[in-house]
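Take a look at the letters that make up each chain.
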Amino acid sequence: MPAIVGVAQVITLGSSSIFHIGDVYKIMPFSTAKTFSGAGSFNTGESLNVRNDVSSTNTSDPDIIDSANILNA
């Protein structure tokens, strides 16, 4: 079904971003990424007090490929 869309202001898009408005048949990523981070890494705010006495991040990835995008062109 067609969509009527009002004003959309896009400030910036990254190199692998998707901007979608309305109907779509297929959306396929051109790139993938994996992020490893330890405890308290993505905390935001004012005057945080994070205590991680013993912390380790498991970066073992035996299957190597998690999100294949080989056929996306």
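Residues numbered from 1 in each chain as written. Predicted model: local features only at pLDDT ≥ 70, side-chain atom pairs only at ≥ 80, totals over all residues. Heavy atoms only, no water.

### Describing the overall build of the protein chain
Phase 1 of the analysis: Regarding its fold elements, the protein chain presents zero helices and zero strands.
Phase 2 of the analysis: Counting only C-alpha atoms and orienting by the principal axes, one finds that the protein chain spans roughly 55 × 40 × 20 Å.
Phase 3 of the analysis: Buried residues in the protein chain amount to 3% of all 73 residues.
Phase 4 of the analysis: Restricting to contacts in the protein chain with at least 6 residues of sequence separation, those with at least 24 account for 35%.
Phase 5 of the analysis: Working note: accessible area of the protein chain is about 7,100 Å², and carbon and sulfur atoms make up 52% of it. (Helix = DSSP H or I, 4+ residues; strand = E, 2+ residues; numbered from the N terminus. Buried < 20%, exposed > 50% of the residue type's maximum accessible area, 1.4 Å probe, protein only. Contact = heavy atoms within 4.5 Å. Areas by Shrake-Rupley, 256 points an atom, 1.4 Å probe, with all protein chains shown as cover.)

### Quick look at the pattern of salt bridges
Phase 1 of the analysis: The tally for this structure, following the rule as stated, stands at one salt bridge.
Phase 2 of the analysis: Note that arginine 51 is salt-bridged to aspartate 53, the shortest N-O span being 3.0 Å.
Phase 3 of the analysis: Residue class for arginine 51 comes out exposed when judged on its relative accessible area of 67%. (Salt bridge = Lys/Arg side-chain N within 4 Å of Asp/Glu carboxyl O.)

### Considerations on a nonpolar patch on the surface
Phase 1 of the analysis: A contiguous nonpolar patch, built from Val5, Val10, Leu13, Phe19 and Ile21 and spanning about 430 Å² of accessible area, is present on the exposed surface.
Phase 2 of the analysis: Take valine 10: its relative accessible area is 39%, and that puts it in the partly exposed class. (Patch = residues over 30% accessible without salt bridge, like charges linked within 9 Å, V, L, I, M, F, W, Y side chains within 5 Å.)

### A short note on unusual backbone geometry
Most peptide bonds are trans, and most residues other than glycine sit at a negative phi.
Phase 1 of the analysis: Unlike most non-glycine residues, serine 47 shows phi in positive territory, near 50°.
Phase 2 of the analysis: We classify serine 47 as exposed; its relative accessible area is 75%.

### Some points on the environment of isoleucine 21
Phase 1 of the analysis: Take isoleucine 21: its relative accessible area is 39%, and that puts it in the partly exposed class.
Phase 2 of the analysis: In this structure the C-alpha to C-alpha distance between isoleucine 21 and aspartate 61, which are 40 residues apart in sequence, comes to 35 Å.
Phase 3 of the analysis: Contacts of isoleucine 21, omitting those with residues within four sequence positions, involve Val5 and Ala8.

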